[in-house]
Amino acid sequence: MGYLRAAAVCAVLLCCSATASAQRFLWNVDFDFKFDNKEYADVENDVSVTNFTARLTPQIGLGWGKGNALMVGVDFMNDMGANTYVAREMIVYYKYADDRFGVYMGRFPRRNLIGTYSNAFFSDYISYYDSNLDGFMGQYTGGHGYVELVLDWNSMLVRDQREKFSIFSAGRVNYGAFYGGYNARMYHHAGSETVRGVVDNILIYPYAGADFTHFLPKFSALYFQVGWLQTFQNDRAYVGHYVTPGGIQFEMRAQRWGFGIYNTLYLGGNLMPYYESTVPGQPGYGSGLYSGEPFYRTDKGIYNRLEIYWTHNFLSDIALTVSAVQHYDGDGWGWQQKLELQIFLSDRMFRKYRKPVED
């Protein structure tokens, strides 16, 4: 209950501050209900599992000046079937936001990212279960695109716990129907007091594409893009030199009337060469080193992901998405069924009667 006591104390202080001055009292509540069933018996690079969860994230805060806010809250998450277990994580951060710039410092929700990242960087599982970022984020949005930079401190060195942090970024520039952009990430996977060694994991993804929704406005999404995924990885203790697997990736999305199809085709090498044990007697790094979809570690030179979905917003504040996803990793086909309901509530929706801007 430590997080709850700390959040309650912060909440009282913020309420008192808002009452005693001309500052603005802010609040928002997010709810996320997710069913994700994976049937992967015929594939080699991931396992069958069902993730059935509910998440509630209430926050309150104090706003002042033009775009400044101090927020505090708690991220509650329950896995269905584990009735007595509710994961709790305190959220506390400073935020500045205007029409062009955004700055976050502290522990803040991942949903505040503006960049679009390939699943080679962050899997659906990581994005949902590691729902908060610890550190700093800076963002800029202009008339022709955006750029953001994030420092996420994943783990501090404590006894058997490794020190881990990542620096990642995304950017995009639009020119008419055409665009170019990038994803980039440097992950520093260090040792602990009992396990030594450092692994450097760098992944970059420059891409270019064409978006036709401006010319065909009845489509809410219609684009094609191609890019190159390139890694630079070095297990300093057990390998001692960089390995550089990479490959080409094609992406296509079309969506109309809420129905959509999204296909990703990767052709190249195993992007996760250290996923299993690197030397006898050492444990595999697994998802502790790699946060992308495990299918990208295929040794068959191909991974195709095909998603067919329907999505709809109810009352502007409730979003429902149902999808079926097919995965092919060169060994076999696996498929997954997903349903997600999201609700976003905030003080702004009652003042302005429009979809809230998420604090």
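Residues numbered from 1 in each chain as written. Predicted model: local features only at pLDDT ≥ 70, side-chain atom pairs only at ≥ 80, totals over all residues. Heavy atoms only, no water.

Participant: Describe the pattern of salt bridges, listing the residues and the values that go with them.
Facilitator: Here the structure, examined in full by the defined rule, presents 10 salt bridges. A salt bridge links Arg 55 to Asp 75, with the nearest nitrogen and oxygen atoms 2.8 Å apart. Within this pair, whereas Arg 55 is found in strand S2 (residues 49-64), its partner Asp 75 is found in strand S3 (residues 68-79), the two being separated by 20 residues in sequence. In this pair, the class of Arg 55 matches that of Asp 75, namely buried. As a salt-bridge pair, Lys 300 and Asp 331 come within 3.6 Å of each other at their nearest N and O atoms. With Lys 300 in the loop between strand S13 (259-268) and strand S14 (302-314) and Asp 331 in the loop between strand S15 (318-328) and strand S16 (333-346), this pair connects stretches of sequence that are 31 residues apart. (Salt bridge = Lys/Arg side-chain N within 4 Å of Asp/Glu carboxyl O. Helix = DSSP H or I, 4+ residues; strand = E, 2+ residues; numbered from the N terminus. Buried < 20%, exposed > 50% of the residue type's maximum accessible area, 1.4 Å probe, protein only.)

Participant: Tell me about the pairing of strand S5 (residues 101-109), and name the residues and values.
Facilitator: Here strand S4 (residues 87-97) runs beside S5; their pairing, made up of 6 bridges, is antiparallel. What sits directly across from Tyr 94, in S5, is Met 105. The turn joining S4 and S5, which pair antiparallel and follow one another in sequence, is formed by 3 residues. Across 9 bridges, S5 lies against strand S6 (residues 132-142) in antiparallel orientation. Within S6, the residue paired with Phe 101 across the bridge is Tyr 140. (Pairing = 2+ DSSP bridges.)

Participant: With reference to specific residues and values, describe the nonpolar core.
Facilitator: Buried together is how nonpolar side chains tend to be arranged in soluble globular proteins. Grouped together as the largest cluster of nonpolar side chains are 42 residues, with contacts concentrated most on Leu 113, Ala 120, Phe 121, Phe 168, Leu 229, Leu 289 and Tyr 296. No other element matches strand S10 (residues 199-211), which puts 4 residues into this core. Once residues within four sequence positions are removed from consideration, Leu 113 is found in contact with Leu 133, Met 137, Gln 139, Glu 148, Val 150 and Phe 168. (Core = buried A, V, L, I, M, F, W, Y, C linked by side-chain atoms within 4.5 Å. Contact = heavy atoms within 4.5 Å.)

Participant: So what about the packing of aromatic side chains? Which residues, and what values?
Facilitator: Considering all chains together, one arrives at 23 aromatic pairs under this definition. A centroid spacing of 6.2 Å and a plane angle of 70 degrees characterise the contact between Tyr 179 and Tyr 207, whose relative ring orientation is edge-to-face. One end of the pair, Tyr 179, is in strand S9 (residues 178-189); the other, Tyr 207, is in strand S10, with 28 residues separating them in the sequence. Using a relative accessible area of 10% as the deciding quantity, one classes Tyr 207 as buried. When the centroid spacing of 5.1 Å and the interplanar angle of 75 degrees are considered together, the rings of Tyr 296 and Tyr 303 count as edge-to-face. Each member of the pair, Tyr 296 together with Tyr 303, is buried. (Phe/Tyr/Trp six-rings, centres within 6.5 Å; stacked < 30°, edge-to-face > 60°.)

Participant: Any details on the confidence of the model for the protein chain? Residues and values, ideally.
Facilitator: Here the protein chain averages 89 in pLDDT, while 89% of its residues score no lower than 70. Within the protein chain, the lowest mean pLDDT, 55, falls on helix H1 (residues 2-19), and the highest, 98, falls on S13. Low pLDDT, under 50, characterises residues 352-359; the predicted model gives this stretch 23 contacts beyond four residues in sequence or across chains. (pLDDT = per-residue confidence, 0-100.)

Participant: So what's going on with the pairing of S15? Residues and values would help.
Facilitator: Across 11 bridges, the pairing between S14 and S15 is antiparallel. Counterpart to Ile 308 in the pairing with S15 is Ala 324. Hairpin remark: S14 followed by S15, antiparallel, with 3 residues in the connecting loop; positive phi at Leu 315, about 60 degrees. Alignment of S15 against S16, held across 11 bridges, turns out to be antiparallel. Bridged to Gln 326 within S16 is Trp 335.

Participant: Lay out unusual backbone geometry with the relevant residues and their values.
Facilitator: For Trp 257, which is not glycine, the phi dihedral falls at a positive 55 degrees. Structurally, Trp 257 can be placed in the loop between strand S12 (246-256) and S13. The class of Trp 257 is exposed, set by a relative accessible area of 67%.

Participant: An account of a nonpolar patch on the surface is requested, with residue identities and associated values reported.
Facilitator: Taken together, Met 105, Phe 136, Leu 149, Leu 151, Trp 153, Met 156, Val 158 and Ile 167 make up a surface patch of nonpolar side chains, about 660 Å² in accessible area. Counting residues per element, the nonpolar patch draws most heavily on strand S7 (residues 145-155), which supplies 3 residues. With respect to the helices and strands, the residue Leu 151 is situated in strand S7. (Patch = residues over 30% accessible without salt bridge, like charges linked within 9 Å, V, L, I, M, F, W, Y side chains within 5 Å. Areas by Shrake-Rupley, 256 points an atom, 1.4 Å probe, with all protein chains shown as cover.)

Participant: Break down the side chain of Asp 200 for me, with residues and values.
Facilitator: The residue Asp 200 is located in strand S10 in this model. Side chain to side chain, Asp 200 and Arg 236 meet in a polar contact 2.8 Å long. The contacts of Asp 200, once residues within four sequence positions are left out, are Tyr 187, His 188, Phe 232, Gln 233, Asn 234, Arg 236 and Tyr 242. (Polar contact = N/O pair within 3.5 Å; in protein donor to acceptor, adjacent residues only side chain to side chain.)

Participant: I'd love a proper account of the side chain of Asn 112, names of residues and values included.
Facilitator: Along the chain, the position of Asn 112 falls in the loop between S5 and helix H2 (124-129). Judged by its relative accessible area of 7%, Asn 112 falls in the buried class.

Participant: A description of the environment of Tyr 85 should follow, citing residues and the corresponding values.
Facilitator: If you trace the backbone, Tyr 85 turns up in the loop between S3 and S4. When its relative accessible area of 46% is taken as the criterion, Tyr 85 is described as partly exposed. Those residues within four positions of Tyr 85 in sequence are excluded, and the remaining contacts are Met 77 and Asn 78.

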